[in-house]
Every structure is written in C-alpha cells, then in structure tokens.
Amino acid sequence: MPKLSVIIPVYNVEKYLSQALESVINQTFADIEIICINDGSTDNSLTILENYAQKDQRIKLINKQNAGYGAACNDGLSLAQGEFIAILEPDDYVDTEMYERLIQKAEKYNVDIVKCCFEEILEFYDKPKIEKTKWSQAFKLPTQVFSIKECPLFLYFHPSIWSCVYRTDFLKKNNIQFVTPKGAGWADNLFQVQTMCLAKKIIYTDEPYYNYRKYYFSESDALKDYTIPFERSKEIHKWLNEQNISDENLLACLYKRELTYVHLMLSSIPFSQLHKGIETVKSFVSSIDKNIILKSSIFNSREKAFYKLTVAMPFIAYLKEKIKKIRKSILCVHINRNESNINILGRQIKNA
C-alpha cells in the first residue's frame, strides 16, 4: 500500500500537463501512487498521460467521459489506497520536496490536515511572474497544531485545497467528497470548508511548496457564470446548519470571503440578465448575517460600506463594479516592493 495518493483531475491541459506530472514523479518522497483521471479531454492530454503511464508504474490512468472537476476528484478519492491524499491541478506543479515535507509534519504532529503556502504564477504578463501568497504578511498565523476555531482565517483565504495533504481515514470517516456541478464550478469550496471545520488537528507551514497558475488580471474574468459563487455558498451554509456550526468568528471569516464573491458576481452579470442578476445578488447578501458584518473587527470600513450599499442599492453597486472592471481592463497598474508594471489593454508597457 502506498503512503500517499496524488489525485490529478485532467481536462484539456496539454500545455502544462507534462510539467505537473514531472513534478510528482520526481518527488523526493517516492512511496506514492499517482491517480490521473482524464475527464474527457479533447486535446492531447490523454496521449500525454498514456505515455507517462507506460514509463512509470505508479501512475494509474482512468479515462472517462467529461463529468466535471468534482466528479473526477471523487473518482480519485474512491480509488486512492494511500494513507494520505493530495490533489494536484494539472496546470500547476509542486516543488520536489513538497510531499516529503508535508507527510513528515503529518506524522510528527499526528494531524488530519497539513497545509502549506503557495506561489502564484501570474500568466497574464508578457513574461509570467511568481509571487508568494502574502497570508503571513497580513495576518498572524499559527505555527503549531490548531483547529479552525482557533484560526478561522483559513475560511477567508483562498480555498487552495491542493496545497494540503489529508489523512485518508479522516476523509472517509467524515464521508467528505466533492460536489459535482457541471464543469469546474468551484467544486473545491465546500470541500475546503468541510475539511477545515471537521479536522480536529491542522498544521500550517508558510513554506510555498505549491505553484498555482493564474491567468487573469481580475478574478471576474474567469467567472463564466455569475451564479456559481451563490450556489456554492448556499451549499456551504446548508452544510454548516446541518452540522450546527454557528460560531460567529467562523462565519465572519466566511462572510469576508463571500463579500469578495459579491464583487465578482456584480462585475460578471451580463446586461441581458441584469434583472435576474440583481435579484440573485440581493438574495445572496440577504443571507449574510448583518450583525456579524457590522460588529466584527475583521471587516474594514470599506467592506462594511460595500455591504450596506449592496443591501440598500444593489443596482448602484452593480454600476460601480462594472465601471471598476472596465477601468481595470483598460489600465492596470501592478506595484510591489521590487518593481512596478503598467498594462494597457492587457499588454505590459512598462517594467520599472
């Protein structure tokens, strides 16, 4: 039996797939099985997978009709034989020592989940740039074993389920699986909330072992259906209610993330669906506990003002987000400590 099962759901990623596979095959931790689910790819992804499977007997290849990211991950979970489970998205890659380091921590501290930081590969520049996620710069994060109640901030952060190693018994005991909406559909959101909330022991390392590709200046550019955040959030809160989880600190961190989703939804509503879209957003924000938003210190004044505006005048909030998105699409200025970049119409014109 392998110590670790790495699940890779694959759909039309021929450009990056070899890099993803090589990063797993060449891990310093070799006691792994690599479960690749080809989810009905129409490019050369299946051929690439077949070639690698012939070379490395640790690769298990499942070829199936397209059913979406969540269904593919569930197929991997059902086949996994390892004591631990990890998920790798096929257009990303991991550092060579990632799984060795995370499993060492899992065994040393006997935890359900080990989570690491990650680096974002910003593909929307002429030359891709790499930036470490700045969680630890903005917030004080635990360095020892914790539960989500002790550090609910992880419900605000990017779900990043792929920057974790999970104990297989923990997932099976709690019957944790992915929702299966058609396409990608943010199927990782509920999985992240369930794993974080049900884990008794979690440990985090700020070492960025995972490399995550981003393709857009704005997250709203990647949102093809503005209703997706609303649907996933409904599933999350339904599950929280079923589990009698009502801790206000947890909900505050989740609401903080969901407010970013409201921004995405507003900027993504097509004009042809304006009335329905505004009603959807109104339903979304009305489900948020007003008292938690207004009294929790985790929300800044700008977030509270945005919430109030969206509740009172959602059409005005829509117009503001649309204008903001248009401005970003025309001119984007990116600044960090080391350099500044100016992009017009998505093209970099200055790098100082």
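Residues numbered from 1 in each chain as written. Predicted model: local features only at pLDDT ≥ 70, side-chain atom pairs only at ≥ 80, totals over all residues. Heavy atoms only, no water.

## Examining the overall build of the protein
Then, in step 1: For the protein, the helix and strand inventory stands at 13 helices and twelve strands.
Then, in step 2: Each of the 352 residues in the protein was classed as buried or not, and the buried ones make up 54%.
Then, in step 3: A separation threshold of at least 6 residues defines the contact pool for the protein, and within that pool the share at least 24 residues apart is 77%.
Then, in step 4: Working note: accessible area of the protein is about 16900 Å², and carbon and sulfur atoms make up 50% of it. (Helix = DSSP H or I, 4+ residues; strand = E, 2+ residues; numbered from the N terminus. Buried < 20%, exposed > 50% of the residue type's maximum accessible area, 1.4 Å probe, protein only. Contact = heavy atoms within 4.5 Å. Areas by Shrake-Rupley, 256 points an atom, 1.4 Å probe, with all protein chains shown as cover.)

## A look at helix α3 (residues 69-79)
Along an α-helix, residues three or four positions apart point the same way, because every turn accommodates 3.6 residues.
Then, in step 1: Across the eleven residues that make up α3, a large majority, eight, are buried.
Then, in step 2: If you check which residues of α3 are buried, you get Y69, G70, A71, A72, C73, N74, G76 and L77.

## Thoughts on the side chain of S45
Then, in step 1: Structurally, the position occupied by S45 is in helix α2 (residues 45-55).
Then, in step 2: Engagement of the side chain of S45 in a polar contact is seen with the backbone nitrogen of V13, the distance being 3.0 Å.
Then, in step 3: When residues no more than four places from it in sequence are discounted, the contact partners of S45 are V10, N12, V13, E14, L17 and N38. (Polar contact = N/O pair within 3.5 Å; in protein donor to acceptor, adjacent residues only side chain to side chain.)

## A short note on the pattern of salt bridges
Then, in step 1: What the rule picks out here adds up to 17 salt bridges.
Then, in step 2: In this structure, the salt-bridge partner of D56 is R58, at a minimum N-O distance of 2.8 Å.
Then, in step 3: Measuring nitrogen to oxygen at the nearest pair gives 2.6 Å for the salt bridge that ties K238 to E242. Remark: E242 and K238 occur in helix α8 (residues 228-242); sequence separation between them is four residues, near one turn of the helix.
Then, in step 4: Residue classification places E242 among the partly exposed positions, given a relative accessible area of 48%. (Salt bridge = Lys/Arg side-chain N within 4 Å of Asp/Glu carboxyl O.)

## Overview of the packing of aromatic side chains
Centre-to-centre distance and the angle between the planes together describe a pair of aromatic rings.
Then, in step 1: Enumeration according to the criterion identifies 20 aromatic pairs in this entry.
Then, in step 2: Judged by centre distance (5.5 Å) and plane angle (20°), the rings of F146 and F154 are stacked.
Then, in step 3: On the basis of relative accessibility, which here comes to 4%, the residue F146 falls in the buried class.
Then, in step 4: Look at F178 and F191: their rings are 4.2 Å apart centre to centre, the planes differ by 5°, and that puts the pair in the stacked class. Taken as a pair, F178 in the loop between α6 (168-173) and α7 (188-198) and F191 in helix α7 lie far apart in primary sequence, 13 residues in all.
Then, in step 5: By the ring-pair criterion, three or more aromatic residues cluster together here, those being F118, W135, F139, F146, F154, Y156, F157, W162, Y204, Y210 and Y212. (Phe/Tyr/Trp six-rings, centres within 6.5 Å; stacked < 30°, edge-to-face > 60°.)

## Notes on the environment of F146
Then, in step 1: By the secondary structure assignment, F146 is in the loop between α5 (135-138) and β8 (164-167).
Then, in step 2: Considered as a pair, F146 and A199 are 53 residues apart in the sequence and their alpha carbons are 9.4 Å apart.
Then, in step 3: Setting aside its immediate chain neighbours within four residues, F146 contacts C151, F154, K200, K201, I202, I203 and Y204.

## Section: the environment of K295
Then, in step 1: Examined against the element boundaries, K295 turns out to sit in helix α11 (residues 290-295).
Then, in step 2: Taking the C-alpha atoms as reference, K295 lies 9.6 Å from A252; in sequence the two are 43 residues apart.
Then, in step 3: At 3.2 Å, the side chain of K295 and the side chain of E248 are in polar contact.

## Structural notes on the confidence of the model for the protein
Then, in step 1: When pLDDT is averaged along the protein, the result is 91; 89% of the residues meet or exceed 70.
Then, in step 2: Across residues 333-339, where pLDDT falls below 50, the model places 14 contacts with residues more than four positions away in sequence or in other chains. (pLDDT = per-residue confidence, 0-100.)

## Brief notes about helix α10 (residues 274-286)
Then, in step 1: In this model α10 runs 18 Å from its N-terminal to its C-terminal C-alpha over 13 residues, within 8% of the 18 Å that 1.5 Å per residue would give.
Then, in step 2: The complete set of buried residues in α10 reads L274, G277, I278, T280, V281, F284 and V285. One face of α10 carries all of its buried residues, which in axial projection span an arc of 160°. Every exposed residue of α10 that faces more than 90 degrees away from the buried side is listed here: H275, K276 and S286. (Expected span 1.5 Å × (residues − 1). Arc of directions from axis to C-beta.)

## Remarks on a nonpolar patch on the surface
Then, in step 1: On the surface, a cluster of nonpolar side chains totalling about 420 Å² of accessible area is made up of M313, F315, I316, L319 and I323.
Then, in step 2: Structurally, the position occupied by I316 is in helix α13 (residues 314-330).
Then, in step 3: Owing to a relative accessible area of 34%, I316 belongs among the partly exposed residues under this scheme. (Patch = residues over 30% accessible without salt bridge, like charges linked within 9 Å, V, L, I, M, F, W, Y side chains within 5 Å.)

## Topic: the side chain of K115
Then, in step 1: Within the fold, K115 resides in strand β6 (residues 113-122).
Then, in step 2: No salt bridge is formed by the buried K115, whose closest oppositely charged neighbour, D188, lies at an N-O distance of 9.1 Å.
Then, in step 3: Separated by 3.4 Å, the side chain of K115 and the backbone oxygen of P159 make a polar contact.
Then, in step 4: Engagement of the side chain of K115 in a polar contact is seen with the side chain of S160, the distance being 2.8 Å.
Then, in step 5: Ignoring sequence-local partners within four residues, the contact set of K115 consists of W135, F154, P159, S160, S163, C164, M196, I203, Y204 and T205. (Lys, Arg positive; Asp, Glu negative; His and termini not counted.)

## Digging into the packing of α7 against helix α9 (residues 248-268)
Two packed helices can be described by the angle between their axes and the distance between those axes.
Then, in step 1: Their axes nearest at 14 Å, the elements α7 and α9 cross at an angle of 170°. When the interaxial angle is binned, α7 and α9 end up roughly antiparallel. On α9, the residues that touch N189, Q192 and V193 of α7 are L254, R257 and Y261.
Then, in step 2: Looking at side-chain class alone, the contact of α7 with α9 contains three nonpolar, two polar and one charged residues. (Axes fitted to C-alpha atoms, helices over the stretch in contact; angles between N-to-C directions. Parallel < 35°, antiparallel > 145°, perpendicular 65-115°, else oblique. Nonpolar A, V, L, I, M, F, W, Y, C, P; charged D, E, K, R; others polar.)

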